[in-house]
Amino acid sequence: MSSELTAAPRAAGPVEWTKCPSCDAFVYHKRLRRNLGVCPECNYHFRLPVQRRLEQLLDDDSFTDLSDEIQPLDVLSFADTKPYADRLADAQRKTGGREAAVYGTAEIDGHPVVVAAMDFAFVGGSMGSGVGEAVTRAAELALERRTPLLVIATSGGARMQEGCVSLMQMAKTSQAVARLHEEGILFVSLLTDPTYGGVTASFPTLGDILLSEPNSYIGFAGPKVIEQTIRQTLPEGFQTAEFLLDHGMLDLVEPRENLRQALRKLLELHSLAPVAGQPRKEIVARLPETEGRAPVTDPALLPARPAWDVVQLARHIDRPNTLEYVGYVFDDFQELAGDRLFDEDAAIVGGLARLGDLTVVLIGHQKGHTTSEMVERNFGMPNPEGYRKGMRLMRHAAKFGLPIVTLVDTPGAYPGLGAEERGQSIAIAQSIMEMSRLPVPTVTAVTGEGGSGGALALAVGDRVLMMENSYYSVISPEGCSTILFKDASQAPRAAEALRVTAPDLLRLGIMDAVVPEPEGGAHHDPADAAANLKTAIVTALRDLLPTPVDELLQRRYDRFRAFGTPGRQPVLPPPAEVP
Amino acid sequence: MTDAVADDLVEQARSSFEAGDFRRAHEAGQAALIKRPLDTQLLRLVGNAAMELGRDDGVELLERAVALAPEDPEAWSDLGRALVLEGRVTSAGEAFRRVIRLQPDDHDALIGIAHTAYLSGDPAAAITALRQAVERDSGDAAALRSLLAIYRREGMVQDALATARALAELRQDDVLAALDVGELALDLGLLDEASAVFGRLRANDEEPGHEVYALHALIDVELRRERWRRALDLAIDATRVDRLGTTTDVLAFVVARVFGATNRPAPDRPDVDRALAASRQEHRRMHEEGLVL
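Values in this document were obtained by computation on a predicted structure and should not be read as measured data.

Undergrad: Explain the overall build of chain A to me, please; I cannot follow it from the model alone.
TA: The number of helices and strands found in chain A is 22 helices and 17 strands. Its C-alpha atoms give chain A a radius of gyration of 28 Å, near enough to 25 Å, the size a compact globule of 579 residues would have. For chain A, the spread of C-alpha atoms along the principal axes amounts to about 90 × 75 × 50 Å. Looking at chain A as a whole, 55% of its 579 residues qualify as buried. Counting only contacts in chain A whose residues sit at least 6 apart along the sequence, the fraction spanning at least 24 positions is 73%. Of the roughly 23,800 Å² that chain A leaves accessible, carbon and sulfur atoms contribute 54%. Computed over 56 positive and 75 negative side-chain charges, the inter-centroid distance for chain A is 3 Å.

Undergrad: Explain the domain arrangement of chain A to me, please; I cannot follow it from the model alone.
TA: It is common to give the size of an interface as the accessible area that goes away when the parts come together. All names here are of chain A. The domains assigned to chain A are domain 1 (17-46), domain 2 (47-271) and domain 3 (292-561). Carbon and sulfur atoms supply 53% of the area that domain 2 and domain 3 bury against each other, a total of about 1,700 Å² over both sides. Of all residues in domain 2, Asp-251, Lys-265 and Leu-269 give up the largest surface area on contact with domain 3, accounting jointly for 34% of the area buried on that side. In this assembly, domain 2 and domain 3 are joined by three salt bridges. Taking the shortest distance from any N to any O, the salt bridge between Asp-251 and Arg-392 comes out at 2.5 Å. Applying the counting criterion to the domain 2 and domain 3 interface returns 15 residue pairs in polar contact (both at pLDDT 80 or more). Breaking the side of domain 2 that touches domain 3 down by element, the ones donating at least two residues are helix H5 (163-183), strand S8 (209-212), helix H8 (241-246) and helix H9 (256-271). The element contributing the most residues to the side of domain 2 that touches domain 3 is H9, with four residues. Along the lines of polarity and charge, the residues of the side of domain 2 that touches domain 3 split into 11 nonpolar, seven polar and four charged.

Undergrad: Sorry, what's going on with the interface of chain B and chain A here?
TA: In this assembly, 51 residues from chain B lie in contact with 44 residues from chain A. Around 4,400 Å² of area is buried between chain B and chain A when both sides are counted, 56% of it from carbon and sulfur atoms. In this assembly, chain B and chain A are joined by seven salt bridges. With a shortest N-O distance of 2.2 Å, A:Lys224 and B:Glu282 are connected by a salt bridge. Those elements giving two or more residues to the side of chain B that touches chain A turn out to be helix H1 (3-18), helix H3 (40-53), helix H5 (73-85), helix H7 (107-119), helix H9 (141-153), helix H15 (248-259) and helix H16 (269-290) of chain B. Of the residues belonging to the side of chain B that touches chain A, the class tally is 16 nonpolar, 12 polar and 23 charged.

Undergrad: Any chance you could explain the packing of H1(B) against H3(B) here in plain terms?
TA: All names here are of chain B. The N-to-C vectors of H1 and H3 enclose an angle of 40°; their axes lie 11 Å apart at closest approach. Relative to H3, the element H1 lies oblique. When you trace H1 past H3, the crossing you get is left-handed. On H3, the residues that touch Val-10, Ala-13, Arg-14 and Phe-17 of H1 are Leu-42, Leu-45, Asn-48 and Ala-49. In the contact of H1 with H3, the residues fall into six nonpolar, one polar and one charged.

Undergrad: For this particular structure, what's the right way to read the sheet that holds strand S3 (residues 64-65) of chain A?
TA: Pairing between the strands of a sheet comes from backbone hydrogen bonds, and it takes one of two forms, parallel or antiparallel. Residues and elements named next belong to chain A. An order of S3-S4-S5-S6-S7-S8-S9 is seen for the seven strands of this open sheet, with the pairing classed as mixed. Edge positions in the sheet fall to S3 and strand S9 (252-253), since each has one partner strand and no second. Alignment of strand S7 (residues 187-195) against S8, held across four bridges, turns out to be parallel. Looking at the pairing, Ser-189 lines up with Leu-210 of S8.

Undergrad: In this structure, what is going on with the nonpolar core? I would like to understand it.
TA: Soluble globular proteins: nonpolar side chains tend toward being buried together. Counting 79 residues, the largest nonpolar core has B:Leu79, B:Phe198, B:Ile219 and B:Leu223 as the members making the most contacts within it. When residues in this core are grouped by element, the largest group, nine residues, is from helix H13 (residues 211-225) of chain B. If sequence neighbours within four positions are ignored, B:Leu79 has contacts with B:Val59, B:Leu62, B:Glu63, B:Val66 and B:Ala95. A:Leu267, A:Ala273, A:Met394 and A:Leu402 belong to the second-largest nonpolar core, a separate cluster that totals 62 residues.

Undergrad: Any chance you could explain the pattern of salt bridges here in plain terms?
TA: One side chain can pair with another of opposite charge once the charged atoms of both are near each other. Applying the stated rule across the entire model yields 74 salt bridges over all chains. Note that A:Lys82 is salt-bridged to A:Asp90, the shortest N-O span being 2.4 Å. Accessibility expressed as a relative area gives 16% for A:Lys82, which makes it buried. B:Glu211 is paired through a salt bridge with B:Arg202; the nearest N and O atoms lie 2.9 Å apart.

Undergrad: What should I look at first to understand the packing of aromatic side chains in this one?
TA: In this description, an aromatic ring pair is defined by two values, namely the gap between the centres and the angle between the planes. One pass over the full model with this rule turns up seven aromatic pairs over all chains. Summarising the aromatic geometry, the rings of A:Phe26 and B:Tyr118 are spaced 5.7 Å apart at their centres and angled 80° between planes, so their arrangement reads as edge-to-face. Within this pair, whereas A:Phe26 is found in strand S2 (residues 26-28), its partner B:Tyr118 is found in helix H7, the two belonging to separate chains. For the pair A:Phe26 and B:Tyr118, one class covers both residues: buried. An angle of 65° between the planes, with centres 5.1 Å apart, marks the rings of A:Phe238 and A:Phe243 as edge-to-face. The ring of A:Phe120 has A:Arg47 lying over it, and the distance from NZ or CZ to the ring centre is 4.9 Å.

Undergrad: Help me out: how do you make sense of the environment of B:Gly199 in this one?
TA: All names here are of chain B. When you line up the elements, Gly-199 lands in helix H12 (residues 191-204). Taking the relative accessible area as the measure of exposure, Gly-199 reaches 31% and is therefore partly exposed. Linking Gly-199 and Val-46, residues 153 residues apart in sequence, is a C-alpha distance of 53 Å.

Undergrad: Could you clarify how one ought to interpret a nonpolar patch on the surface in this entry?
TA: Residues and elements named next belong to chain A. Judged by side-chain polarity, Leu-73, Val-75, Leu-76 and Val-165 come together as a nonpolar surface patch covering roughly 300 Å² of accessible area. With respect to the helices, strands and loops of the structure, Leu-73 is situated in the loop between S3 and helix H3 (84-95). Residue class for Leu-73 comes out partly exposed when judged on its relative accessible area of 46%.

Undergrad: Help me out: how do you make sense of unusual backbone geometry in this one?
TA: The bulk of non-glycine residues show a negative phi, and the bulk of peptide bonds are trans. All names here are of chain A. The residue after Asp-193, namely Pro-194, is reached through a cis peptide bond having omega -15°. Following the sequence through the fold, Pro-194 ends up in strand S7. Despite not being glycine, Val-123 has its phi angle at roughly 45°, a positive value. Inspection of the secondary structure puts Val-123 in the loop between strand S5 (111-118) and helix H4 (129-145). Positive phi, normally seen in glycine, also occurs at Arg-499, with a value near 60°. Along the polypeptide, Arg-499 turns up in the loop between helix H19 (491-498) and helix H20 (502-507). The exposure class of Arg-499 is buried, given its relative accessible area of 12%.

Undergrad: Can you walk me through the pairing of strand S15 (residues 463-467) of chain A in this structure?
TA: Regular strands place their side chains on alternate faces of the sheet. Residue and element names in this part refer to chain A. The buried count for S15 comes to four of five residues, which makes it a mostly enclosed element. Here four bridges tie strand S14 (residues 442-451) to S15, and the two strands are oriented parallel to one another. In the strand pairing of S15, Ala-445 is matched with Leu-465. Sheet analysis places S15 next to strand S17 (residues 513-515), joined by three bridges and oriented parallel. Its bridge partner being in S17, Leu-465 is matched across the sheet by Ala-513.

Here is what the cut-offs are and how they apply
- Residues numbered from 1 in each chain as written.
- Chains lettered and ligands numbered in written order.
- Predicted model: local features only at pLDDT ≥ 70, side-chain atom pairs only at ≥ 80, totals over all residues.
- Heavy atoms only, no water.
- Helix = DSSP H or I, 4+ residues; strand = E, 2+ residues; numbered from the N terminus.
- Rg over C-alpha atoms; globule rule 2.2 N^0.38 Å.
- Buried < 20%, exposed > 50% of the residue type's maximum accessible area, 1.4 Å probe, protein only.
- Contact = heavy atoms within 4.5 Å.
- Areas by Shrake-Rupley, 256 points an atom, 1.4 Å probe, with all protein chains shown as cover.
- Lys, Arg positive; Asp, Glu negative; His and termini not counted.
- Charge placed at Lys NZ, Arg CZ, Asp CG, Glu CD.
- Domains from an automatic or database assignment.
- Buried area = accessible area lost by both parts, 1.4 Å probe.
- Salt bridge = Lys/Arg side-chain N within 4 Å of Asp/Glu carboxyl O.
- Polar contact = N/O pair within 3.5 Å; in protein donor to acceptor, adjacent residues only side chain to side chain.
- Nonpolar A, V, L, I, M, F, W, Y, C, P; charged D, E, K, R; others polar.
- Axes fitted to C-alpha atoms, helices over the stretch in contact; angles between N-to-C directions.
- Parallel < 35°, antiparallel > 145°, perpendicular 65-115°, else oblique.
- Left-handed = near helix turned anticlockwise from the far one by under 90°.
- Pairing = 2+ DSSP bridges.
- Core = buried A, V, L, I, M, F, W, Y, C linked by side-chain atoms within 4.5 Å.
- Phe/Tyr/Trp six-rings, centres within 6.5 Å; stacked < 30°, edge-to-face > 60°.
- Lys NZ or Arg CZ within 6 Å of the ring centre and 35° of its normal.
- Patch = residues over 30% accessible without salt bridge, like charges linked within 9 Å, V, L, I, M, F, W, Y side chains within 5 Å.

Structure, rendered in structure tokens:
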């Protein structure tokens, strides 16, 4: 006789519905939870309690809460209309937590992390001694274990009821984070809605990578305070994550459903950095096998083309740009945005990418192919923010020992009023200088136009390559023609005279090797061009990766020291006449 | 598979489900279904487990269950829940109506009918179902809240106010309910009631920084009463607790009304009304966020 179920169990309680505060639609509560707290009607991201947030981001059952000793301290015996101790007790009753932050260890797709996460429901996520202690302990644990730190921030700011002790948490947490930076420990910060005040002005914005969710409000002063102060209406979307991304303050904004995946990818990419002490041979072995044609180092083997023809090919609207090469040459590219100072400059793109089993930092100019894209990317002419973003990424590479690949394709740095106001020259100069001393292998390839200082700012590499039909010049042929030839129509002659093409630059020692292109130019077969580029980059890295840092820096110094040095600088015979 | 093995699997599925281990419940239940494909209770169990796991086969299993047992209200109820979870509101509404036909006093099904009807563009049916639900269980705050929201959206202000009063009576510390009563009383010109409610809200809403919202609402009441001196007192009080400076323009407007024009330009009345309405909206939103998840 078989036993049968008399009634099927049911997990759900009552059929609960909730009203979305953004679109007013009714949402089935369970559906909302399944949708990670994002309204299925309008995509509004609800604020999440800390436990829910951890459930969403971390591997199942991987979180070990180490916050047992974390308690708020009533250091001032503070009382307003109610004693602070009573307010804390209310918050503890309401949230079930002891403080507005927890910390512990966990895994994300198997990658170990130390996590500190804040809870806005607890006294507005304000930072007092307890929160500061949780974050600091998390940072110290990350340092001790040399494990990446993930901070999930949400806060109204410092906790007034703890007076200056609260203020000091900004310093306490920030100095703990500084140690992570000094020791090369990855720190990823997820800024969630809302994050404000003294919290934003301390540990969460000090992450190596700053990410957020759509429409999260993040700022220092609240928008109303600003409006009242400046007596102006603030723009739509002010202080949203998207606004901050546009203004260079965040690396990426991801919908909640993608956050876990984004974190996984970041952890994965950083886990593929060369490890200090690992035999160099093993690091080199992580580079991929390639199938492209070998780079050319003998100028005699390169086709002789009129320089002006090469300039036209280099500028061809269909010529592959950085992001296309990234797609062909690398895997798992994760773009990182912003200079963390003023703006996101789309004329330079950069981020992390995988080359075989080795992560590199990639930085390159980006022009685009359509009118709208070219306008958006300012025709590949960077503002100072682009170079500052580049430098930020170079420092990131240096911190984690990641090789750098730069792809150069710009008519030049943007000659604009704002660019001058914000220090275009200084940005370029600093980029050149910083590149010259980066303690990691750096490979540069000029893929299209190498327009003067705007190109050189990304081209102080250990190996400098150029595509067969690219050009590199101190000034545009048109500019030189106007100034020196006193006639704008003499650009072809100027191009020839300036010796801007691959064979001449190879002879001058400016270039180390030339990447072959398919017949007719890279745009005729981008895949073939990219395969050749990949071979050239991998070949260069195979040479560079085994080199000790001191030697790398000395060789780089010697390389650029030789230019124009009597006896070391090759001199070219006069060019052929241009008809 | 012997009956004994199937029994074990069924028991394993049931106990796993009750322990919240839906994956194991689904696996064991699926295995048992091979032996007992027509067992509607087992189908429901596996279907419910699938829904908890976010699997695609949940609705299909529950549809099989109702096809085999079309007179089982529980099976229809499970299907309704599963469909609404999938966002298929029209079909979910039909399933909930089947539940009511079989079991007219099923409260959850009425709630389901109401919300799916509203989402399908039938507010009248939604209101009818919610009224029935509230008549049967006057203590269901969630149903009252939904009814109130629908009344307000449909412009049925008197009904909304009556519902808001009932909700506020039921949940005396419910800030949102008080806000609804206050706002609706304000809209209907019941200024004494609005004043009393916002006055209580000022005392009861203990969230840090929220007193200013109640004060703004009280200022709004006094502006409508044209009691400028009282509005001035409240605006001064609001300024004292308003660290964001949102009362400055309101204060300037009231000062201009009481003392005449000053050097500081004062905003127009419509601007002040908009600012006060925005303050209430913000207050509401802060508490609405606290209701969920």
